[in-house]
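Structural features, examined
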Amino acid sequence: GAVVSQHPSRVICKSGTSVKIECRSLDFQATTMFWYRQFPKQSLMLMATSNEGSKATYEQGVEKDKFLINHASLTLSTLTVTSAHPEDSSFYICSARAGVRMSQETQYFGPGTRLLVL
Amino acid sequence: DQQVKQNSPSLSVQEGRISILNCDYTNSMFDYFLWYKKYPAEGPTFLISISSIKDKNEDGRFTVFLNKSAKHLSLHIVPSQPGDSAVYFCAAGEETSGSRLTFGEGTQLTVNP
């Protein structure tokens with residue numbers, strides 16, 4: 001199946017710093033990438049949807065100035081958590097999709113990034 | 001408003017028996033449904049999907065059933081294996097609009113040897 005990578009897999013940072021997480025589709029071109037956040041024992045919550053070359057669409061309640069998303073190419077999207085605080089500690093997962101219709105393509109998920117803000 | 005719900009947070013079955021995971025949805029616009037499997041500290045992996053034009057889709061040991069009138073779907077795993085132990089998420093979306101997926105809360109399946 002298609003491969004999606006994330007880097008880093010784990011990051012620990014001090015409160016107030018910014019953290020960048022990369023998501024790459026390794027063997028296909030992703031027209032759309034999604035960023036999710038998962039709290040322990042909870043569902044994956046969609047944060048934003050990004051299409052290559054355009055601004056990301058954020059879900060209600062997600063601060064766009066705090067979670068900066070850049071989808072500069074068909075194989076790379078980045079999520080930057082700016083001025084991170086302990087409440088931002090979570091498991092962040094990206095996914096990538098090549099097609100538009102779900103019956104043609106499914107979302108392929110990255111392995112996730114564990115962020116811990118001290 | 002939780003549009004996709006998995007009411008059982010956990011399920012335990014014996015190896016070789018059938019595992020049945022359930023999922024309910026409220027949004028009648030959903031017409032495409034997927035099941036994902038997730039291990040700790042990893043991203044979900046796609047298992048099986050079903051479109052609303054079908055009521056059953058089978059792939060090896062995995063079968064998904066869809067009851068549109070009840071807005072209910074289920075994943076059957078038979079026979080269950082210890083390696084199936086993981087968290088299973090159901091997800092729903094609108095196929096033609098290319099919209100994002102809405103996930104349920106997940107069910108932790110434990111298959112005992």
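Residues numbered from 1 in each chain as written. Chains lettered and ligands numbered in written order. Predicted model: local features only at pLDDT ≥ 70, side-chain atom pairs only at ≥ 80, totals over all residues. Heavy atoms only, no water.

**So, the overall build of chain A**
A count of helical and extended segments in chain A gives zero helices and 11 strands. Across chain A, helices and strands are ordered from the amino to the carboxyl terminus as β-β-β-β-β-β-β-β-β-β-β. A compact globule built from 118 residues should have a C-alpha radius of gyration of about 13 Å, and chain A, at 14 Å, falls within 12% of that. Judged by the C-alpha coordinates and their principal axes, chain A covers about 40 × 25 × 25 Å. Of all 118 residues assigned to chain A, the portion counted as buried reaches 50%. A fraction of 55% describes how many contacts in chain A between residues 6 or more apart in sequence connect residues 24 or more apart. Accessible area of chain A: about 5,800 Å², with a carbon and sulfur share of 51%. (Helix = DSSP H or I, 4+ residues; strand = E, 2+ residues; numbered from the N terminus. Rg over C-alpha atoms; globule rule 2.2 N^0.38 Å. Buried < 20%, exposed > 50% of the residue type's maximum accessible area, 1.4 Å probe, protein only. Contact = heavy atoms within 4.5 Å. Areas by Shrake-Rupley, 256 points an atom, 1.4 Å probe, with all protein chains shown as cover.)

**Some words on the nonpolar core**
By size, the foremost hydrophobic cluster in this structure holds 24 residues, and its most contacted members are Trp35(A), Phe67(A), Ile69(A), Leu79(A), Tyr92(A) and Leu115(A). Within the residue set of this core, elements represented by two or more residues are strand S2 (10-13), strand S3 (19-25), strand S4 (32-38), strand S5 (44-51), strand S7 (67-73), strand S8 (76-81), strand S9 (90-97) and strand S11 (113-117) of chain A. With near-sequence residues (within four places) excluded, Ile69(A) lies in contact with Trp35(A), Ala48(A), Ser50(A), Ala56(A), Tyr58(A), Ser77(A), Thr78(A) and Leu79(A). Counting residues in each nonpolar core, the second largest holds 23 residues, with Trp35(B), Phe62(B), Leu75(B) and Ile77(B) among its members. (Core = buried A, V, L, I, M, F, W, Y, C linked by side-chain atoms within 4.5 Å.)

**Observations concerning the state of the cysteines**
Residues and elements named next belong to chain A. Scanning all chains against the criterion turns up two disulfides over all chains. Two residues share a disulfide in this structure: Cys-23 and Cys-94, whose sulfurs sit 1.9 Å from each other. Note on the Cys-23 and Cys-94 pair: the S-S dihedral is about 75°, so by sign convention the disulfide is right-handed. You can see Cys-23 sitting in strand S3 and its partner Cys-94 sitting in strand S9, a full 71 residues away along the chain. Cys-94 gets classed as buried once you look at its relative accessible area, which sits at 0%. The closest cysteine sulfur to the non-disulfide-bonded Cys-13 is located on Cys-94, 18 Å from its own sulfur. On the basis of relative accessible area, Cys-13 is assigned to the buried category, the value being 10%. (Disulfide = S-S within 2.5 Å.)

**Some points on the interface of chain B and chain A**
In this complex, chain B contributes 21 residues to the contact, which on the side of chain A involves 22 residues. With both chains or domains summed, chain B and chain A bury close to 1,700 Å², and 63% of this area falls on carbon and sulfur atoms. The three residues of chain B that bury the most area against chain A are Glu95(B), Arg100(B) and Phe103(B), which together make up 29% of that side's buried surface. Counting across the interface, chain B meets chain A through zero salt bridges. Where chain B meets chain A, there are five residue pairs in polar contact (both at pLDDT 80 or more). Elements with a minimum of two residues in the side of chain B that touches chain A: strand S4 (32-38) and strand S9 (86-93) of chain B. It is S4(B) that provides the largest number of residues to the side of chain B that touches chain A, a total of four residues. (Buried area = accessible area lost by both parts, 1.4 Å probe. Salt bridge = Lys/Arg side-chain N within 4 Å of Asp/Glu carboxyl O. Polar contact = N/O pair within 3.5 Å; in protein donor to acceptor, adjacent residues only side chain to side chain.)

**Here's the deal with the sheet that holds strand S1 (residues 4-7) of chain A**
The pairing of strands in a sheet happens through backbone hydrogen bonds and is either parallel or antiparallel. All names here are of chain A. Strand order in the open sheet formed by four strands is S1-S3-S8-S7, and the pairing between neighbours is antiparallel. Single-partner strands in this sheet number two, and they are S1 and S7. Strand-to-strand twist across the sheet, computed as the mean angle between neighbouring axes with direction ignored, equals 15°. Bridge analysis of S7 against S8 gives five bridges, and the strand direction is antiparallel. Its bridge partner being in S8, Ile-69 is matched across the sheet by Leu-79. (Pairing = 2+ DSSP bridges. Axes fitted to C-alpha atoms, helices over the stretch in contact; angles between N-to-C directions.)

Everything listed here is a matter of coordinates, which is why it stays silent on function.
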